[in-house]
Amino acid sequence: MANQLKGADSGSGQGLLWLFGAILVVQGFGSAVTEAGWDTSFGVAALMRAAHVPEWATLLVGLAGLALLGMAARRRRAGRRAEQRP
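Remember, it's a predicted structure, so these values are computed and weren't measured experimentally.

Enquirer: Help me understand a nonpolar patch on the surface in this model?
Expert: On the surface, Trp56, Leu59, Leu60, Leu63 and Leu66 cluster together into a nonpolar patch covering about 510 Å² of accessible area. Among the structural elements, Leu59 can be located in helix H3 (residues 57-84). Residue Leu59 is classed as partly exposed on the basis of its relative accessible area, which comes to 38%.

Right, here's the structure in full:
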C-alpha cells in the first residue's frame, strides 16, 4: 500500500512539473517573441515591464521553464527504468 501512495504522489508532482514548465516556457519565450515582433507584452512579461525589470528577464523565465521540463523528463525516464527492473 505504501508503494501505491508513493506512486500516486510522484505522478501528481510529475504532472505539476510538466504544467509549470510549459507555462513558464510560453510566458517567457512567447513574451520575448511578442515584444520583438509586435511591441506588446502579455502575462508575466507585462508585469515585469510595469516593475521596470530588464527585457532579457523574460528569457530567464523561459529558461526556468526549460529547466522544469528537463527535470520532469529526467524523472519520467528514471521512473520507467525503475519499473523495468525486477
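Enquirer: Help me out: how do you make sense of the pattern of salt bridges in this one?
Expert: Pairing of side chains with opposite charge becomes possible as their charged atoms draw close. On inspection of all chains with the given rule, the structure shows 1 salt bridge. A salt bridge links Arg49 to Glu35; the nearest nitrogen and oxygen atoms lie 3.1 Å apart. With Arg49 in helix H2 (residues 43-50) and Glu35 in helix H1 (residues 2-38), the pair connects residues that are 14 residues apart, well separated along the chain. Residue Glu35 is classed as buried on the basis of its relative accessible area of 14%.

Enquirer: Sorry if this is basic, but what is going on with unusual backbone geometry here?
Expert: Leaving glycine out, the prevailing phi sign among residues is negative, and the prevailing peptide bond configuration is trans. Phi is positive for Asp39, which is not a glycine, with a value near 50°. Residue position: Asp39 is located in the loop between H1 and H2. Of note, His52 is a non-glycine position whose phi angle comes to about 60°, a positive value. For His52, the location among the structural elements is in the loop between H2 and H3. The exposure class of His52 is exposed, given its relative accessible area of 72%.

Enquirer: Can you walk me through the confidence of the model for the protein in this structure?
Expert: A low pLDDT score tells you not to read the predicted coordinates there in detail. With 84% of its residues at a pLDDT of 70 or more, the protein shows a mean pLDDT of 81. Element-level pLDDT for the protein is lowest in H1, with a mean of 77, against a maximum mean of 86 in H3. This model gives residues 1-9 a pLDDT under 50, and the stretch forms 0 contacts once residues within four places in sequence are excluded.

Enquirer: Hey, could you run me through the environment of Ala73 in this one?
Expert: Along the polypeptide, Ala73 turns up in helix H3. Considering only alpha carbons, one finds Ala73 and Gln14, 59 residues apart in sequence, at a separation of 8.9 Å. Leave out the neighbours within four places in its chain, and Ala73 touches Gln14 and Trp18.

Enquirer: Looking at this structure, how should I read the side chain of Thr34?
Expert: Summarising the element assignment, Thr34 is placed in helix H1. Under the relative-accessibility criterion, Thr34 is labelled buried at 17%. Every residue in contact with Thr34, bar those within four places of it in the chain, is listed here: Asp39, Thr40 and Phe42.

Analysis parameters
Residues numbered from 1 in each chain as written. Predicted model: local features only at pLDDT ≥ 70, side-chain atom pairs only at ≥ 80, totals over all residues. Heavy atoms only, no water. Patch = residues over 30% accessible without salt bridge, like charges linked within 9 Å, V, L, I, M, F, W, Y side chains within 5 Å. Areas by Shrake-Rupley, 256 points an atom, 1.4 Å probe, with all protein chains shown as cover. Salt bridge = Lys/Arg side-chain N within 4 Å of Asp/Glu carboxyl O. Helix = DSSP H or I, 4+ residues; strand = E, 2+ residues; numbered from the N terminus. Buried < 20%, exposed > 50% of the residue type's maximum accessible area, 1.4 Å probe, protein only. pLDDT = per-residue confidence, 0-100. Contact = heavy atoms within 4.5 Å.

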